[in-house]
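Examining the three-dimensional arrangement
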Amino acid sequence: MARIAYDEADAAAFEANRHLTDDGLAAWRAAAVRHLDPHPGMRVLDLGSGTGSWARAFHTWWPEVEVVAVEPSAAMRARSVFTPVLAGDAEQIPLPDGSIDAGWLSTVIHHVPDLTAAAQEIRRVLRPGAPVLIRSVFAGRPEGITLFRYFPEAVGVLDTYPSIAQVEAAFAEAGFATVAVEQVPERTAASLREAAVGLRREAHTLLQLIDDQAYAAGLRRLHRAAQVESGPVIDALDLLVLR
């Protein structure tokens, strides 16, 4: 399913580097409430749940909602802060037909090799009219992502990701229509210095897929900027909502 291995080293880096704080999650909580309409008895699928930060957040925010986490990587499942986690991927979701009220995919869509097959499989497990929320950075939309300022070569990797139009087209074949596209801000770090010190290449697909020379040059740029810039690091990822 993934562009990278997501072995033990990747999973450890992801756990250490990619979990947002409560401040970072605030705008996403508001967006999720708008589009998910959480209510008692609802079942939400977290597809590609990674180390479980979003599944844990949903469970904490809405205890009356059942969160079903599915993750293909054994190493990620082993480090998940949410349990249980089912083994599966976007083309083989281990759930019955029509058993889910909403789907959530966070920084997953670029790892899916066959978007059309995935859309059909997601359609299978969703109840009629259920929404799918896709949190991602999409091809052609590097704006708002701090890392691209220091690792410009990573924009070339981003251009190999699916675009919003490509995802919309694949999901349209499965009967989905676009409800909304919006950018959601998140506080990634308290400062650029904190971001630089805590950066783990293994936690970022975009950085793993540039060459070592480009990564080293970007790291130097980042650390130089961290010495003079102040204030929190605010990134903005896209939220694509389909129904």
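These remarks concern the structure in this document. What you are looking at is a predicted structure, and each value in this text was computed from that prediction instead of being measured.

Within the secondary structure, Val-67 is located in strand β2 (residues 66-71). On a C-alpha basis, the gap between Val-67 and Gln-120 in space is 21 Å, while along the polypeptide they are 53 residues apart.

Looking at where Val-228 falls in the secondary structure, it is placed in the loop between α11 (212-226) and β7 (233-242). In sequence terms Val-228 and Arg-193 are 35 residues apart; their C-alpha atoms lie 9.0 Å from each other.

With an omega of -5°, the peptide bond running from Thr-83 to Pro-84 counts as cis. For Pro-84, the location among the structural elements is in the loop between α4 (74-78) and β3 (85-87). For Asp-37, which is not glycine, the phi torsion reads 50° and is therefore positive. Exposure remark for Asp-37: the relative accessible area of 53% places this residue in the exposed category. In this model, Thr-107 sits at a positive phi of 45°, which is unusual for a non-glycine residue. Residue placement: Thr-107 occurs in the loop between β4 (102-106) and α5 (115-125).

Turning next to the nonpolar core. Within the largest apolar cluster, 50 residues are counted, with the highest numbers of intra-cluster contacts made by Trp-28, Trp-54, Phe-58, Phe-151, Ile-210 and Leu-239. The contact partners of Leu-239, leaving out residues within four places of it in the chain, are Trp-28, Ala-31, His-35, Trp-104, Leu-133, Ile-134, Arg-135, Ala-180, Val-181, Glu-182 and Val-184. Within the second largest apolar cluster, 30 residues are counted, among which are Ala-90, Val-108, Phe-138 and Val-167.

To continue, consider the packing of α5 against helix α8 (residues 164-173). Interaxial distance between α5 and α8 falls to 8 Å at its minimum, and their mutual angle equals 50°. Here α5 is positioned oblique relative to α8, judged by the angle of their axes. Along this stretch, α5 crosses α8, giving a crossing that reads as right-handed. Between α5 and α8, the residues in contact are Leu-115, Thr-116, Ala-119, Gln-120 and Ile-122 and Gln-166, Val-167, Ala-170, Phe-171 and Glu-173, respectively. When grouped by side-chain class, the residues that make up the contact of α5 with α8 number 6 nonpolar, 3 polar and 1 charged.

Attention now goes to the pattern of salt bridges. What the rule picks out here adds up to 11 salt bridges. Across the pair Arg-127 and Asp-101 runs a salt bridge, and its minimum N-O distance is 2.6 Å. One end of the pair, Arg-127, is in the loop between α5 and β5 (132-136); the other, Asp-101, is in the loop between β3 and β4, and 26 residues separate them in sequence. A relative accessible area of 33% means that Arg-127 is categorised as partly exposed. Its relative accessible area of 18% is what places Asp-101 among the buried residues. Close ionic contact of Glu-153 with Arg-221 constitutes a salt bridge, the shortest N to O distance being 3.8 Å. Placement of the pair is Glu-153 in the loop between α6 (147-150) and α7 (154-158) and Arg-221 in helix α11, with a sequence separation of 68 residues. Judged by relative accessible area, Glu-153 falls into the partly exposed class, the value being 38%.

Cut-off values and rules
- Residues numbered from 1 in each chain as written.
- Predicted model: local features only at pLDDT ≥ 70, side-chain atom pairs only at ≥ 80, totals over all residues.
- Heavy atoms only, no water.
- Helix = DSSP H or I, 4+ residues; strand = E, 2+ residues; numbered from the N terminus.
- Buried < 20%, exposed > 50% of the residue type's maximum accessible area, 1.4 Å probe, protein only.
- Core = buried A, V, L, I, M, F, W, Y, C linked by side-chain atoms within 4.5 Å.
- Contact = heavy atoms within 4.5 Å.
- Axes fitted to C-alpha atoms, helices over the stretch in contact; angles between N-to-C directions.
- Parallel < 35°, antiparallel > 145°, perpendicular 65-115°, else oblique.
- Left-handed = near helix turned anticlockwise from the far one by under 90°.
- Nonpolar A, V, L, I, M, F, W, Y, C, P; charged D, E, K, R; others polar.
- Salt bridge = Lys/Arg side-chain N within 4 Å of Asp/Glu carboxyl O.

Such coordinate-based values are descriptive only and should not be taken to indicate function.
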